[in-house]
Amino acid sequence: MADKTYILPPIKRLSALAGQIESGRFGNIKTEPGIFIKENHPLSIVQLETREPPAKDFLTVIKNLFEFDVPLSPNTSSVSDKTRIIWTGPNRWLIIEPETRDLISLVKSQINETSISIVDLSHARSSIEIDGSMTRDLLLKGAAIDFHPEAFLINHCVQTTFFNLSALICCLDENRFNIFIARGFALDLLQKVQEAAEEFGYETL
Amino acid sequence: MIRIKCPYCGLRDHSEFNYIGDATKLRPVNPEVANDDEWFDYIYVRDNPRGVHQEYWQHITGCRSYVKVLRNTVTHEVLKTGLPSDDLLFSYEAEK
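A brief report on the enclosed structure follows. Just so you know, these numbers come straight off a predicted model, no measurement behind them.

What counts and what doesn't
Along each chain, residues carry numbers from 1 onward, in the same order as the chain's sequence is written. The naming scheme follows written order: chains are lettered A onward, ligands numbered 1 onward. At least 70 in pLDDT is required for a residue's local features to be given in this predicted model, at least 80 for side-chain atom pairs to be given and counted, and no such filter applies to totals for whole chains, interfaces and linings, which use all residues. Here contacts are defined at the residue level, using C-beta atoms placed from the backbone and a cut-off of 7 Å between them. Secondary structure elements are defined from DSSP: runs of H or I of at least 4 residues count as helices, runs of E of at least 2 residues count as strands, and each element is numbered from the N terminus. Only Asp, Glu, Lys and Arg are considered charged in this grouping, and only Ala, Val, Leu, Ile, Met, Phe, Trp, Tyr, Cys and Pro are considered nonpolar; every other residue, Gly among them, is considered polar. The nonpolar core criterion groups buried Ala, Val, Leu, Ile, Met, Phe, Trp, Tyr and Cys residues into a set whenever they are joined through C-beta atoms within 7 Å. Note on burial: count the other C-beta atoms lying within 10 Å of the residue's C-beta; 20 or more is buried, 12 or fewer is exposed, in between is partly exposed, and C-beta positions come from the backbone. Segmentation into domains, and thus their bounds, comes from an automatic or database assignment. An axis is simply a line fitted to the C-alpha atoms; with a helix, the fit covers only the stretch in contact. Between two such axes, the angle follows the N-to-C directions and lies from 0 to 180 degrees. The scheme is simple: roughly parallel for angles under 35 degrees, roughly antiparallel for over 145, roughly perpendicular for 65 to 115, oblique for anything else. Left-handed describes a crossing whose near helix is turned anticlockwise from the far helix by less than a right angle; the clockwise case is right-handed.

Looking now at the interface of chain A and chain B. Of the residues lining the interface, 10 residues belong to chain A; the matching set on chain B comes to 11 residues. Elements supplying a minimum of two residues to the side of chain A that touches chain B: strand S5 (84-89) and strand S9 (157-162) of chain A. Here the side of chain A that touches chain B is composed, by residue class, of three nonpolar, seven polar and no charged.

Bringing the nonpolar core into the picture now. Counting residues in hydrophobic clusters, the biggest one holds 43 residues, and the most contacted among them are Ile86(A), Ile95(A), Ile130(A), Ile169(A) and Ile179(A). In terms of residue count, the dominant contributor to this core is helix H4 (residues 186-197) of chain A (six residues). Composition of this core by domain shows at least three residues from each of domain 1 (32-41 + 124-204) and domain 2 (43-120) of chain A. With residues up to four places along the chain from it excluded, the contact list for Ile86(A) reads Ser77(A), Trp93(A), Leu94(A), Ile96(A), Cys157(A), Leu168(A) and Cys170(A). Core analysis: the next-biggest nonpolar cluster, separate from the first, contains 10 residues, Cys6(B), Cys63(B), Val67(B) and Leu70(B) among them.

A word on the packing of helix H3 (residues 135-142) of chain A against H4(A). Residues and elements named next belong to chain A. Put simply, H3 and H4 touch, their axes get as near as 10 Å, and they point 120° apart. Judged by the inter-axis angle, H3 sits oblique to H4. Two packed elements cross with a definite hand, and for H3 against H4 that hand is right-handed. Side by side, H3 and H4 meet where Leu138, Lys141 and Gly142 of the first sit next to Lys192, Ala196 and Ala197 of the second. The residue inventory of the contact of H3 with H4, partitioned by class, reads three nonpolar, one polar and two charged.

Dropping the structure here:
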């Protein structure tokens, strides 16, 4: 029998949390919710890894592309209006921005060095943003990291276990954090965050 | 709870790390001419020391780098940590 040729529709970008977030106010709310939870979707996420400490050419290419340098010290990130580059390991970074352009093709077109690995993780990661006066207390419930404002500064990032899930936590603003997680754990993370936020009262957006 | 200082990320819980193995075993210097006994020793034979021991751990849920740890196997005290290339026992003895 001859093989049929199927014309498949293009794959639509679908969040792992699509249809799972019920917006509203929940938990122990007195006046204002202590936590605001929302999902960041869709994001373009690209991982860069160099085999050796980055060469000058690589640093220049990144600087020309995003108009800022890659962070070279551990657990930090650099940021512009929309793009954030996070240090995730020795000679390894994540470039994250809201999906407005074909980031992976852009990066690949600029970096010709074959020893640098460029991986598109846009579909592999989910992100939940938490905001509000009690976010640092909420994070303390899930990770053994010092989240005091003097220790965990803005643009500081950590990879750790958050409620036993392997997560990347990034401080965007004084009390605003992004939590990145492997797509398959997104719903578990959301439920854990909601459960932890109940005592402070939370609003899902 | 054991706390291990990752050379990159700082002090973290040991639950973020995977135990990799004995860091005192060295690959035969000349693999081409090493005999079966040397390979058997390198691959399978491990001591179970009581006291200070050098071992490899990996910061698996963090930066994923390998960490060399000098640990007391009796008290579980982490005496020193460093990069895989560091000789921790030597520097620990020197500092004593």
